[in-house]
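Secondary and tertiary structure notes
Letter by letter, the chains look like this.
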Amino acid sequence: MTDNHDRSDRTEPAAHAPGQVSRRTVVGFGAAAAVGAATAGALDLAAAPAASAATPEGTAAQAAAAPAVALAFSDPTGLYPLSGGAAEAAPALLVVFNPATALSGSIAWSVAPRGGDPVASGTAGFTAAAGTQSTTTIPLGSFGPDYYAVTATVTAASGTQLLGQTVGFGVIRPPVEGRRPGSAFGLGIRAESDTALTRQIAQRIGVKWTRGVIAVQPDTVCPAPGVFWQQAQIDAARAEIADWHDHGIEPLGFINYNMSWNVQPDANGKPLLVYQNRPKDLAAHAEMVYHAIAPLQDLVPNWEIWNEPWVHGWAWKTGDAQDYRDMCKLIWDRVKPDFPDVNLIGGGSVTYNRDIVYAQGSKDTGYIDGSVNHAYGYPDPTQYAMTKTQIRMDRKGSRTKGRAGQWQTELGTAESTSFTDVPAAQAPYGVARTVAPTYLLHMLAGAEEDSPIRIFWFSLSYDKTYSGVEFNIYDYATKTPRPAVVAYSAMTSLLEDAKLESELYPDAKSTWGFLFRGADGKGRAALYADQLYDGTEEHQSAGHTGTLTLDGARGVRVYDYLGRQLADGSSAEVTLPLRPWEVLYFDSDLTPAALKTLLTRGACFAYDTPLRISPLSFVKPLDATSAIEVRVENTTPHPLDAQLRVTPPSGWQLSPAVSPSVRLAPGQARTLSFPVKAFAVSDSNRYPVGYEATVAGRPEAHQTGTQDVQVAYLPFRSITVGGSASQWNGVIPVTLTSTTAAGDTKSYAFQAAWDQSFLYVRAIVEDDVQLSHVPFGDNAYLFPFQADSIQLAFDAVADKTEDLLAGDPHYEKCLRSISHLYVATLATGNVSELHRQLAPGTNYQTYYPTNADLPTPLGPLDAAPGSGTEGRVLVSRDDTGQQTRYEIALAWSQLPELQAAVQAASPGTVTPATFAVQVTDAGTGGHGATYSTTATEPPTSGCYNFAPFWGTGAQFTGGRVDTRWGIGH
């Protein structure tokens, strides 16, 4: 995803085709909204004019240009670090007047922490002379660490309201001072902003890494072929780096795309901007990179060489994957002989690196020392899964085994795009809650794999707008911090000088715990309850909530996600609130081992919903041997005794309806069976199953709910693709619905069957407008899953040799991947296509034309409506009825592991299968992606699952595939 640092004269390109959707759109904004959408931008670190902070005095010209009334703080950053052991800070509000005519009146103000009720308020008078800047200073009181909103209303003596505004300030814990090259804590600091104040802010909140050196621009380094920068320009760059170092911050060197004279035109010969395409002369580009690095390598040893090689997308429009690998090798061969200690950082996302930098069998792979990922989006455990994959991939494919580590150079959430379904006042705190979990998930992967990792939240601009400003953690208009700034500070002040040693709760899906060893040898920790997908993944009520009680907590100080102290270490027992993504920090006098014992054996997690209860699909048609089966999982970090009562659909009878009490270890799931004595078949194949669960010793933990269960069954039946619809009579359909925020509802129905040759699937998809790509043969760069399509996902292989995470202790918690994925789509000209997206031998890659052939080829199968060695496919469109019909026959050669299980089964038995589907309704006004995995229950996070793989695995993109079906004999 692009960093969206753009020049002020850059024009936004038109919306891209579905094949050009960016990673930030897919992951940061949510996949359902992203299909068919587009984003564009470039990283331009050119210096921007500095802007000075408001001051009490000014010239008449300045006064004339300034607003008549404005608010500021006594510290222009709006941040008040505690120092000298002080427990509180004393901020003051500045009301700055620049009136054209004399004014007098009053200022009413109030201070509220976290958007809650005011804790301080008052009224002050003012008098302001005409044509002169003046300031009224209002002491606000003394406050401890937290984020505070100040609301001020300025009213003239005439009764006219001159200003009503809310601005924010933060009281923050002192940062860890000085340079820390091993730190994980980076930040995307904008070049447009006031340089001095931005660096002061970064220093105060504990930032230790920034991305890019403003003075290093390709056109500066190499303004013309064979012409390179001179000493004065080099000295300016070195001075900038020295200033960063003086603030305790390390710059990651960044090659900001290309020289303006060396950009490959588009396919029609049209000139493009520097970020939009590959370099025309790759050797000249490598020479520029060498001349950028050579005079600075003693100060900056790490260099990112391109921001996302989005092949045939917004940044590499006519270039291909081999071009990128060629560029990396040319840079390597030019730089490494003279500067072997310089680290070259490449790629753009974990899965793109797998597809391009490390493409299996391709020419000149792995010419980087470390890789880049852009993990925009909520702190779903898939971030941890992808980072672990990134590390293992670098170790396997990098020429230096990934010695430079992992560089998460862009990630984050935004108020206006990530928290659209909560009240506007809560959205800033939503962003703040996601800061620390995002860092901690990435840091855990690095710690467990013993690989350095640096993480750059996007982004910070003190006083200027820019493309991507929705991610700004400052309010550039008022020059005051948002809550995320304070959350970042709380995180760094408590975790900087500490080494992450282990995760405390590898089995508990509700809880993440991170044990650290401080520089003083004492134990520290961070802990949070996880969020659950509820259709938005925004509402705290959808996550794990409750309390944590610690027995033996004396000497343990506890702070919340905004730095407020919750326990001072004086009590042996403390009870703490648990809310989704709100990190608790523990700073102790204990050894790490003793703190671990306290947070595990000495901890009582009292979650409101400690169990995950999932009524399971019926894997055969209902009969006298049927049973309602319910999976009950203990999500907490300690054992539970649970009992379940089931309420069957109307007209049904169970015996018994209440289970015995069952003991569940942390993370353990058991399937409880309730035999059916009487049943009634539903024409809709939807059976509402109610449940009521109790936990021994926890009468308040009383969970109830109702979930629709469907029959998911493949009978033995031969089907002719394109034949009469009547041949599907009696095959029970599984249905999904998709409802937009506007209330528009679509229905999707799936039927499946099998015979000795094929596994058959028929899907009827309601869709107002068909969005199709040209056929694969006309443009192999257009991904089928980003047009209108369906995906068929299977987890059919126990031993996945290409799954880099298999066997990891967290595998069942959040790392599982599928084994097979197929995509059906209708190309223009009524061309039906069936693509192999994943199978053993495809290395979890996506198809690119210039990559080497894989042991199992990617791309279209040999499948036509009436013939094909690998299957049959017919996709037909009814524009009048606004419906698309998918008919697929997948040859068993595509699922040999499942075929073997089916053939080994005895007559009259049912072979279990793990199978799920995704419907993509692409284009403007489309419904986006709908997943069968989220249709009835919150999904479980995973790694590689539905395509696109650069947005896969998260709960809000379908999670992992674990839906059960039955294959009848």
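This part is about the packing of helix α7 (residues 282-293) against helix α8 (residues 321-335). For the pair α7 and α8, interaxial distance at closest approach is 9 Å and the crossing angle is 45°. Taken together, the axes of α7 and α8 are oblique relative to one another. Here α7 and α8 pass one another in a crossing that is right-handed. Contacts from Leu 282, Ala 283, His 285, Ala 286, Glu 287, Val 289, Tyr 290 and Ile 293 in α7 reach Asp 323, Asp 326, Met 327, Leu 330, Ile 331, Arg 334 and Val 335 in α8.

Side-chain pairs of opposite charge can arise where the charged atoms are in close proximity. Tallied over the full model, the rule gives 48 salt bridges. Residue Lys 813 pairs with Glu 503 through a salt bridge whose shortest N-O separation is 3.7 Å. Placement of the pair is Lys 813 in helix α15 (residues 811-815) and Glu 503 in strand β19 (residues 498-503), with a sequence separation of 310 residues. Looking at Lys 813, the relative accessible area reads 5%, which means it is buried. For Glu 503, a relative accessible area of 7% gives the class buried. Ionic pairing is found between Asp 623 and Lys 620, a salt bridge with its closest N-O pair at 3.6 Å. A cluster of three or more residues bridged by salt bridges with shared partners is formed by Lys 388, Arg 392, Arg 395, Glu 448, Glu 449 and Asp 808.

Before going further, it helps to examine the side chain of Ser 738. Inspection of the secondary structure puts Ser 738 in strand β37 (residues 734-739). In terms of polar contacts, Ser 738 uses its side chain to reach the side chain of His 927, at 2.8 Å. Among residues more than four places away in sequence, those in contact with Ser 738 are Asp 744, Thr 745, Lys 746, Tyr 748, His 927 and Thr 930.

Looking now at the sheet that holds strand β12 (residues 302-304). Taken in spatial order, the eight strands line up as β9-β10-β11-β12-β13-β14-β15-β16 and close into a barrel, and their pairing is parallel. When the angles between neighbouring strand axes are averaged without regard to direction, this sheet yields 30°. Note: strand β15 (residues 405-411) against strand β16 (residues 453-460), four bridges, orientation parallel. Its bridge partner being in β16, Leu 411 is matched across the sheet by Trp 457.

Structural remark: α-helix, 3.6 residues per turn; residues separated by three or four positions point the same way. Under the 1.5 Å per step criterion, the end-to-end length of helix α6 (residues 231-246) is 22 Å for 16 residues, consistent within 8% with the ideal 22 Å. Among the structural elements, β9 (185-189), α4 (195-204), β10 (209-211) and β11 (250-254) are those in contact with the buried residues of α6.

A separate point is the packing of aromatic side chains. Tallied over the entire structure, the rule returns 51 aromatic pairs. Each ring, one from Tyr 352 and one from Tyr 848, has its centre 6.1 Å from the other, and the planes form 85°; the classification is edge-to-face. In this pair, Tyr 352 is assigned in helix α9 (residues 350-357) and Tyr 848 in the loop between β42 (831-838) and β43 (859-860), connecting sequence segments 496 residues apart. When its relative accessible area of 3% is taken as the criterion, Tyr 848 is described as buried. For the ring pair Tyr 944 and Phe 949, a centre distance of 5.3 Å and an interplane angle of 85° mean the geometry is edge-to-face. Members of the aromatic cluster, joined through ring pairs, are Tyr 257, Tyr 275, Trp 306, Trp 314, Trp 316 and Tyr 324. Cation over ring: Lys 336 sits above Trp 332, and NZ or CZ is 4.5 Å from the ring centre.

On the basis of which strands lie adjacent, the open sheet formed by three strands has the order β1-β3-β6 and antiparallel pairing. Where the open sheet ends on each side, the last strands, each with one partner, are β1 (69-73) and β6 (134-139). Strand-to-strand twist in this sheet, taken as the mean axis angle between neighbours without regard to direction, amounts to 25°. Pairing of β1 with strand β3 (residues 92-97), which is carried by five bridges, proceeds in the antiparallel orientation. If you follow Ala 70 over to β3, its bridge partner there is Val 96.

So, about the state of the cysteines. Summed over all chains, the structure comprises zero disulfides. Of the cysteine sulfurs around Cys 814, a residue in no disulfide, the closest is that of Cys 943, at 9.0 Å.

When pLDDT is averaged along the protein, the result is 92; 93% of the residues meet or exceed 70. Between residues 1-24, whose pLDDT stays under 50, and residues either more than four places distant or in other chains, the model counts 108 contacts. Contacts from residues 26-64, a stretch scored under 50 in pLDDT, to residues over four places away or in other chains number 125 contacts.

About the cut-offs
Residue positions are given per chain, counted from 1 along the sequence in the order it is written. A pLDDT threshold of at least 70 governs which residues receive local features in this predicted model, and a stricter bar of 80 or more applies before side-chain atom pairs are shown or counted, although totals over entire chains, interfaces and linings include all residues. Neither water nor hydrogens contribute to the side-chain values; these are computed over all heavy atoms in the structure. For helices, the axis comes from a line fit to the C-alpha atoms of the stretch in contact; other axes are also lines fit to C-alpha atoms, and the angle between any two N-to-C directions lies between 0 and 180 degrees. Labels follow the DSSP assignment, with helices taken as runs of H or I lasting at least four residues and strands as runs of E lasting at least two, numbered in each case from the N terminus. Here the angle decides the label: under 35 degrees means roughly parallel, over 145 means roughly antiparallel, 65 to 115 means roughly perpendicular, and every other value means oblique. Two helices crossing with the near one rotated counterclockwise from the far one by less than a right angle form a left-handed crossing, whereas a clockwise rotation gives a right-handed crossing. Should any heavy atoms of two residues lie within 4.5 Å, those residues are counted as being in contact. Should a side-chain nitrogen of Lys or Arg be within 4 Å of a carboxyl oxygen of Asp or Glu, the pair is scored as a salt bridge. Only protein chains enter the accessibility calculation, which uses a 1.4 Å probe; a residue whose area is less than 20% of its type maximum is buried, one above 50% is exposed, and one in between is partly exposed. N or O atoms closer than or at 3.5 Å make up a polar contact, with two conditions inside protein: a donor-capable atom paired with an acceptor-capable one, and, for residues adjacent in sequence, both atoms drawn from side chains. Note: two strands are recorded as paired if DSSP finds a minimum of 2 bridges between them. How far a helix is expected to stretch is found by multiplying one less than its residue total by 1.5 Å. The pairing test for Phe, Tyr and Trp rings, Trp by its six-membered ring, is centres within 6.5 Å, and the orientation test on the planes gives stacked under 30 degrees, edge-to-face over 60, and tilted for anything in between. A ring is scored as having a charge over it whenever the NZ atom of a lysine or the CZ atom of an arginine sits within 6 Å of its centre and within 35 degrees of its normal. Cysteine sulfur atoms are paired as a disulfide whenever they fall within 2.5 Å. For every residue, the predictor assigns a confidence score, pLDDT, that lies between 0 and 100.

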